[in-house]
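Listed here are the chains, written in short residue letters.
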Amino acid sequence: MTPLLLYVFIAIAAIQVIYFIVFSVFAFAKIKRSKEQYDIPVSVIICAKNEAENLEKLIPELLQQSYKKFEIVLINDASSDETLAIMERFQKEHDHIKIVDVENNEAFWGNKKYALTLGIKAATHNYLLFTDADCKPLSKHWITEMSQRFSSSKKIVIGYGAYAKKKYSLLNLLIRFETVMAAVQAFSYAKIGIPYTAVGRNLAYHRDEFYGVSGFVNHMKIRSGDDDLFIKDAATRKNTAICFSKNSFTVSQAKTSFLSWFRQKRRHVSTSSHYKFIHKFLLGLFYTSQLFFWILAIVLLCTSVWQYALCVLAFRIIIQYFVLGFATSKLKEQDVLYLLPILEIFLIIIHFGIFITNLTSKPTHWK
């Protein structure tokens, strides 16, 4: 029985290594900027629901962007706080700010996609750049960097949305490790021609791509997914680019309690059930192979073939460190590698817990 388990372990390790080879497509990628067009007018769109405090910080950051021609479209999604008042105050001082005030619609009660659709329709320019109210660009060149990835063929640009680092916080390290792994997979699959997801914290696309798939109509009843489910419908091998230059990053504050982060991840995982089959298969196989890799590693290290198991384990971890080392360097997240095996095992357990929890209850969504 033990030799059979060892062979299975080797096969699973081989699957993992193949995945890391795929991830190396991003890890060793070079930054490319389009030379076809510069200074295209851009509409920066932010949908906010009860985000008064965050907007006070974000709007000044956006106003300092170095880009020549852009407008800011602020969507007030039926807020009950001072969100609208803050938007109006900034609008009075800056004529390139536009406000879309959304009242609750009985057919789309509390649906962020409905509010975003109204904002997209109100935007003056065809090139749209999205972020969230609780984010901020890491550079005044954010719009420039993201817009320079557009070309005559590339109409969707997937960016990186980082989380701020917090010292001496294992939860923060775990959240950022999960974010990095999600970004590595998203960028890698986009590079090989099968884009499947993006984050609304840093995403850009041409208005025609939105109308080409009838906006969010195909998944309007699903509360989440204004980013990844849109990518599922609209992104192709030919029309999608990635942007990972440091000046293109946005940053948000990570959750500070495990329970709130767990709830957030439940929403994300529930949305992934609507992905295309090929994407669900690839993501599922990666997670499943991770799970059984570590289970078999622990079991086999307690048997007579532990030396062979240790060699396989070491080889896989070396490949993982090598690829993720280059990938995290691109994303300026090298510190997540310090506790790599521990963080990976924690994340596997958490994902398993989310899977079980989502089978028994539905997660809540947009505030």
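The sections below set out a description of the structure shown in this document. (Residues numbered from 1 in each chain as written. Predicted model: local features only at pLDDT ≥ 70, side-chain atom pairs only at ≥ 80, totals over all residues. Heavy atoms only, no water.)

1. A few points about the overall build of the protein chain
Step number 1: A count of helices and strands for the protein chain gives 12 helices and 10 strands.
Step number 2: The globule rule puts the C-alpha radius of gyration for 367 residues at 21 Å, and the 21 Å found for the protein chain is close to it.
Step number 3: By its C-alpha atoms, the protein chain is 75 × 45 × 40 Å across when sized along the principal axes.
Step number 4: Taking all 367 residues of the protein chain together, the buried fraction comes to 54%.
Step number 5: Summing over all exposed atoms, the protein chain offers an accessible surface of approximately 17200 Å²; the carbon and sulfur share of this is 60%. (Helix = DSSP H or I, 4+ residues; strand = E, 2+ residues; numbered from the N terminus. Rg over C-alpha atoms; globule rule 2.2 N^0.38 Å. Buried < 20%, exposed > 50% of the residue type's maximum accessible area, 1.4 Å probe, protein only. Areas by Shrake-Rupley, 256 points an atom, 1.4 Å probe, with all protein chains shown as cover.)

2. So, the nonpolar core
Step number 1: Residues Phe-23, Ile-45, Ile-75, Phe-187, Tyr-205, Phe-230 and Leu-331 are the most contacted members of the largest nonpolar core, which totals 70 residues.
Step number 2: With 13 residues, the top contributor of residues to this core is helix H6 (residues 170-191).
Step number 3: Other than its neighbours up to four places away in sequence, Phe-23 contacts Met-181, Val-184, Gln-185, Ser-188, Tyr-189, Phe-286 and Val-323.
Step number 4: If you look at the next biggest cluster of nonpolar residues, it comprises 29 residues, including Val-44, Tyr-127, Trp-142 and Met-146. (Core = buried A, V, L, I, M, F, W, Y, C linked by side-chain atoms within 4.5 Å. Contact = heavy atoms within 4.5 Å.)

3. What about the sheet that holds strand E10 (residues 250-252)?
Step number 1: Spatially, E5-E10-E7 is the arrangement adopted by the three strands of the open sheet, whose pairing is mixed. Single-partner strands in this sheet number two, and they are strand E5 (135-137) and strand E7 (161-163). The average angle at which neighbouring strand axes cross in this sheet is 35°, direction not considered.
Step number 2: Relative to E10, E7 is paired through three bridges, and the arrangement is parallel. What sits directly across from Gly-161, in E10, is Thr-250. (Pairing = 2+ DSSP bridges. Axes fitted to C-alpha atoms, helices over the stretch in contact; angles between N-to-C directions.)

4. A short note on the pairing of strand E2 (residues 70-77)
Step number 1: Of all eight residues in E2, eight are buried, a share of seventy percent or more.
Step number 2: Side chains of E2 alternate between two faces, with Phe-70, Ile-72, Leu-74 and Asn-76 and Glu-71, Val-73, Ile-75 and Asp-77 buried alike.
Step number 3: Where strand E1 (residues 42-48) lies against E2, seven bridges are found, and the strand directions are parallel. The residue of E2 that forms the bridge with Cys-47 is Ile-75.
Step number 4: For the handedness criterion, the β-α-β arrangement of E1, helix H2 (residues 52-63) and E2 is classed as right-handed. (Right-handed = clockwise from strand over helix to strand, strands pointing away.)

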